[in-house]
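Take a look at the letters that make up each chain.
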Amino acid sequence: MKLRAQKTKQNNRFQKHFRDSLRSLRQFQKNPFSSLAAILVVMLTLLFPSLSATAVLGLKSLVDSFSKELELIAYLYPEISENKALKISKRLQLDKKIATAELTTSTAALKEFSALSGLGEIAANLPNNPLPASITITPATSSTEIIEKLTIELRNTSGIQSVESDLLWSERINSWYQTLQVFSSILSLFSLVGLTSIFGSMAYIEVHKRREEFQIIHVIGGSMFDMIRPLLYSAFFSGFAAGALAYTLYIYTIRSIKLQLIDFIGLYDLAPILISSTSFYLPSMNPAILIISAAFLSWASSFICAFCLIRQITYK
Amino acid sequence: MIQFDRVSKRYPSGQQALQNISFELDRGEFTFLTGHSGAGKSTLLKLVLGLDKASAGIVTVAGHNIVQLTPEKTAARRRIIGAVFQDHQLLSDRTVFDNVALPLEISGFSQRELRSRVRAALDKVGLLRVEKAMPAGLSGGQQQRIGIARAIVNSPSIILADEPTGNLDSALSNEIMDLFTQFKSLGVCVLVASHDKHLINRFSQRTLVLKDGNLIADIPGEQGETACAKDQTKQ
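Note that the structure is predicted; figures quoted are calculated from it, not measured.

Draft legend 1. Inspection of the overall build of chain A at higher detail. Of regular secondary structure, chain A possesses 11 helices and 4 strands. Counting across all 316 residues of chain A, residues that qualify as buried make up 39%. Long-range pairs, those at least 24 residues apart, make up 85% of the contacts in chain A with a sequence separation of at least 6. Of the roughly 18,600 Å² of accessible surface on chain A, a fraction of 63% belongs to carbon and sulfur atoms.

Here it is, written out as structure tokens:
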């Protein structure tokens, strides 16, 4: 008996939700233009922070790939012998901050230069080898702070004349990344406020339009949820549709700018790094995140606004 | 079914709408609530419906003290009450059928049961043939009958009517009152607020007379006619 009553209660609840969801969908059919306009506004509100978040993630991957592939080249004094150069290289390999240290002797450097430059004959006729020995160092960490410290240490190491690194580029991109991250956070916050306001005002208009209906429902025994449910379904469907549309437009935008972006980065002589690096990508957002968060945000903002308004209309 | 125990209602503006009202209405009892405009009739009905809270005293509806219930429980309790209003309170953008179906939708009835109950209610008030019409296209009498169909569709234990014949001619008023007396015989407690002395005299039922928020007379059925007439003379 108790089980049957429970089952009936569940059926009743399902019937209510089913009816209200259908009624909400019919509302879209009744007002197609205003519904579409609202969905498009929400779609744009969602699109901008999504794109900026993707740009932040893309830049982050760029920073990471830079840090991972960062190399320091320590040039030794020309008078350093090959044996001493080998000793310096081996000593550096023992440093915990260094992953690898590979010595290129002055003879090997000249050989390489002769082969790659096409100036082999000229190089062979030189009275002395003008190229210094060098040690290519891969840091054990991607932390720019530690790499900076390591560079200073290397500069102070006896036998090393100078140290060159890509650290400056890494710092520039990192600075871009941090700026964009702040911008993206602010944009997301504004969008959240915008989205809440849009759905809040939509709920406000709807509640005032249906004021009489809510009063009647209240008098004949409808609860707050009986009044609010159709509005919540409308908001949920609008949010869902806006999220799905925003995702479609987002994917299209990302695909359109991806190649342009690689060309642009190529202007800064970074293209070889980016193309060779498997860690660089322009990450696409998970569609579920965008659609579900859009539907949830619209539902929640409608709930808060409609709840307060209906309460004012019916309980005061 | 309805019990008022020393109930008072004072609005925040300071107006004393009801003062120390006590009475009891049983199952299957038909009662008129009368008094001049502003005597407190509508306030009393609002207290029964739980749309307003009493400032003092106990309002018991179907065994529950309505003052102590939460808004959700009060709403649930309201579902055993069928309310009829002078201004009909129908939804203009829904058909007659949908208007009558509203209480059943709230109660979560299945589509099949909902359809059969709505048709039965519309049949009872003689409006089955206009179920697909919009209320605005119907006469005042028909709109009032839609309101009654909506009040009875959920098989309520109590029917409250606030000036249900206010805008109707006497033939239609009699027709509507006949419907109410039929519910009395089905065990429904009917409370009709009206200041129409002719109507009250004609049906000679138990009558509660309110004046300036005070219950000045509780007249049993058969004597209702004379007592009411006396009260009207006094006024």
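There is more to say after this.
Draft legend 2. Geometry of the domain arrangement of chain A. Split by domain assignment, chain A resolves into domain 1 (20-66 + 171-315) and domain 2 (71-165). Between the C-alpha centres of domain 1 of chain A and domain 2 of chain A there is a distance of 53 Å.

Draft legend 3. Structural context of helix α6 (residues 170-185) of chain B. Residues and elements named next belong to chain B. In a regular helix each residue adds 1.5 Å, so 16 residues correspond to 22 Å; α6 covers 23 Å between its end C-alpha atoms and thus fits that length. Turning to α6, its buried residues are Ser-173, Ile-176, Met-177, Leu-179, Phe-180 and Phe-183. Summarising the axial view, the buried residues of α6 lie within an arc of 145°, below the 170-degree limit, and thus occupy one face. Within α6, the exposed residues directed more than 90 degrees away from the buried face are Ala-171 and Ser-185. Of the residues trailing α6, Gly-187 is marked for its positive phi of about 90°.

Draft legend 4. View of the sheet that holds strand β3 (residues 134-139) of chain A. All names here are of chain A. In spatial order, the strands read β2-β3-β1-β4; together these 4 strands make up an open sheet with antiparallel pairing. Edge positions in the open sheet fall to β2 (98-104) and β4 (160-165), since each of these has one partner strand only. Averaged over all adjacent pairs, the angle separating strand axes in this sheet is 20°, with direction ignored. Sheet topology note: the strand β1 (residues 72-76)/β3 ladder contains 4 bridges and is antiparallel. Across the sheet, Leu-72 pairs through a bridge with Ile-137, a residue of β3. Contacting β1, β2, β3 and β4, helix α3 (residues 82-93) runs over the sheet at an angle of about 170° to β2.

The rules behind these values
Residues numbered from 1 in each chain as written. Chains lettered and ligands numbered in written order. Predicted model: local features only at pLDDT ≥ 70, side-chain atom pairs only at ≥ 80, totals over all residues. Heavy atoms only, no water. Helix = DSSP H or I, 4+ residues; strand = E, 2+ residues; numbered from the N terminus. Buried < 20%, exposed > 50% of the residue type's maximum accessible area, 1.4 Å probe, protein only. Contact = heavy atoms within 4.5 Å. Areas by Shrake-Rupley, 256 points an atom, 1.4 Å probe, with all protein chains shown as cover. Domains from an automatic or database assignment. Expected span 1.5 Å × (residues − 1). Arc of directions from axis to C-beta. Pairing = 2+ DSSP bridges. Axes fitted to C-alpha atoms, helices over the stretch in contact; angles between N-to-C directions.

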